[in-house]
Amino acid sequence: MKIAAIETTPLALAFKEPYHWAGRVDRAGAVVLVEVTTDEGLTGVGESVAAFPAEGIVAAIQGVAPSFLGEPVFDVERLITRARHLGSFNHTPWYANIVLSGLEMALWDILGKAAGWPVHRLLGGAVRDEVDYFGFVQGDTTDELVEDARDLAAAGHGVIYLKVGRGAAADLRNTAAVREVIGDRLLRLDPNCAWNVAEAIHMITRLRVFDPDWIEQPTALQSIAALRQVKEAVDVPIAADQAVFAPADVYEICRQRAADAIVLSPHEAGGLLAFGKAAAIAEAAGVPVCLHGQSVSGITDAAQHQLGLRTANLAEGNQIMHQLLVEDLIAAPDLTPVAGKIGLIDRPGLGIELDRDAVARAAELYRQDPTATAGGRP
């Protein structure tokens, strides 16, 4: 069975409400739908994250597509490895990961459909029957955040996740208010690289009274040394997120003991196989991994769930984002956590059914206003 065609479609995914985080407010996210068809008529579906403009990711995927056409669909490792050495990808490995992840995701979807197995079974089989997901607090004002946090706690989420890095006064006020309404549930705080080392140490020391489970990526992504310096100065666990893309980054974080947890997605790692390698490195170092949520649809969330089912050193409170969308791109399965949990997906491949009408609307939204996904300052 060989690869016959690769199609790409840029999409805009509108949020139900403005998405507030450090330094900006997003109203939509961009992705590229990747569909790979074989000479036997099977089609696999994947999704690549597409920072504005999405056409850049489309062009890159179509640029590497000729090296995939006519090749056996089963040769995932060989094809992705070869693509990493095309053009300037050698010099932009993080960008290459984002480009190739949706393509690799589609290949796994085909392989699962061909075998009649869910992807987690192809990757070694499930080590758990369900994956635990966070409650992601949304809103701008403290009152809005409190109302949403209360609802998420009532829905049974054991891990509540709050964006900080929006100014010291707001961070302290919002964290105190959210902690009060969620009781003793785990509370994770994410400043999204908003602080320098001194600011991070100062703010984490002040936030410590609210008993955060961890602080996620407090400092700039370019410096593992900065992350390590913060970790050594505070007694609150530190999670690495934006500082980690490839398995090599996980190795370096673990080698330097710069973080207590790794937050990672297949988009950053460069695919499902690469995510597994990264998770194994972290496992060898005794470090848990947490699935990273991004502005994506249920396509990615289903793929990540397959990884969560088969990853031994998975943390609680994994991240999931499709629930923030006005409209998802999949009609099935239902990826709504129940008491924070989603169980096994036993359908072949990624286990998803595309909503073609929703895809058409998302494509039209991107055509109408591609800058809607560019973000901006609050």
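Quick caveat, the model's predicted, so the values are computed rather than measured.

All right, on to the overall build of the protein then. Broken down by element type, the protein carries 13 helices and 14 strands. The globule rule puts the C-alpha radius of gyration for 378 residues at 21 Å, and the 20 Å found for the protein is close to it. In terms of overall dimensions, the protein has a C-alpha envelope of 60 × 45 × 40 Å along the principal axes. Of all 378 residues assigned to the protein, the portion counted as buried reaches 57%.

Turning our eyes to something else, we now look at the sheet that holds strand E1 (residues 3-21). The strand order E1-E2-E3 describes an open sheet built from 3 strands, whose pairing is antiparallel. Both outer strands of the open sheet, E1 and strand E3 (43-49), are each paired with one neighbouring strand and no more. Strand after strand, the sheet turns through a mean of 25° between neighbouring axes, direction not considered. Pairing of strand E2 (residues 24-38) with E3, which is carried by 7 bridges, proceeds in the antiparallel orientation.

Evaluated as defined, the whole model comprises 17 salt bridges. A salt bridge links Arg78 to Glu71, with the nearest nitrogen and oxygen atoms 2.7 Å apart. Judged by its relative accessible area of 18%, Glu71 falls in the buried class. Between Arg188 and Asp213 there is a salt bridge, and its shortest N-O distance comes to 2.9 Å.

Quick look at the packing of aromatic side chains now. Evaluation of the coordinates by the stated rule reveals 8 aromatic pairs. Note on Phe15 and Tyr19: the rings are 5.6 Å apart at their centroids and 75° apart in plane angle, and the pair reads as edge-to-face. The pair formed by Phe15 and Tyr19 is uniform in burial state, with each residue classed as buried. Between Phe134 and Phe136, the aromatic rings sit 5.2 Å apart at their centres with planes inclined by 40°, giving tilted as the arrangement. We classify Phe134 as buried; its relative accessible area is 2%. Residue placement shows Arg121 over the ring face of Trp117; its charged tip is 4.2 Å from the ring centre. Over the face of the ring belonging to Trp214 we find Arg188, whose NZ or CZ atom lies 3.7 Å from the ring centre.

The rules behind these values
- Residues numbered from 1 in each chain as written.
- Predicted model: local features only at pLDDT ≥ 70, side-chain atom pairs only at ≥ 80, totals over all residues.
- Heavy atoms only, no water.
- Helix = DSSP H or I, 4+ residues; strand = E, 2+ residues; numbered from the N terminus.
- Rg over C-alpha atoms; globule rule 2.2 N^0.38 Å.
- Buried < 20%, exposed > 50% of the residue type's maximum accessible area, 1.4 Å probe, protein only.
- Pairing = 2+ DSSP bridges.
- Axes fitted to C-alpha atoms, helices over the stretch in contact; angles between N-to-C directions.
- Salt bridge = Lys/Arg side-chain N within 4 Å of Asp/Glu carboxyl O.
- Phe/Tyr/Trp six-rings, centres within 6.5 Å; stacked < 30°, edge-to-face > 60°.
- Lys NZ or Arg CZ within 6 Å of the ring centre and 35° of its normal.

Worth remembering: the numbers are spatial, not functional.
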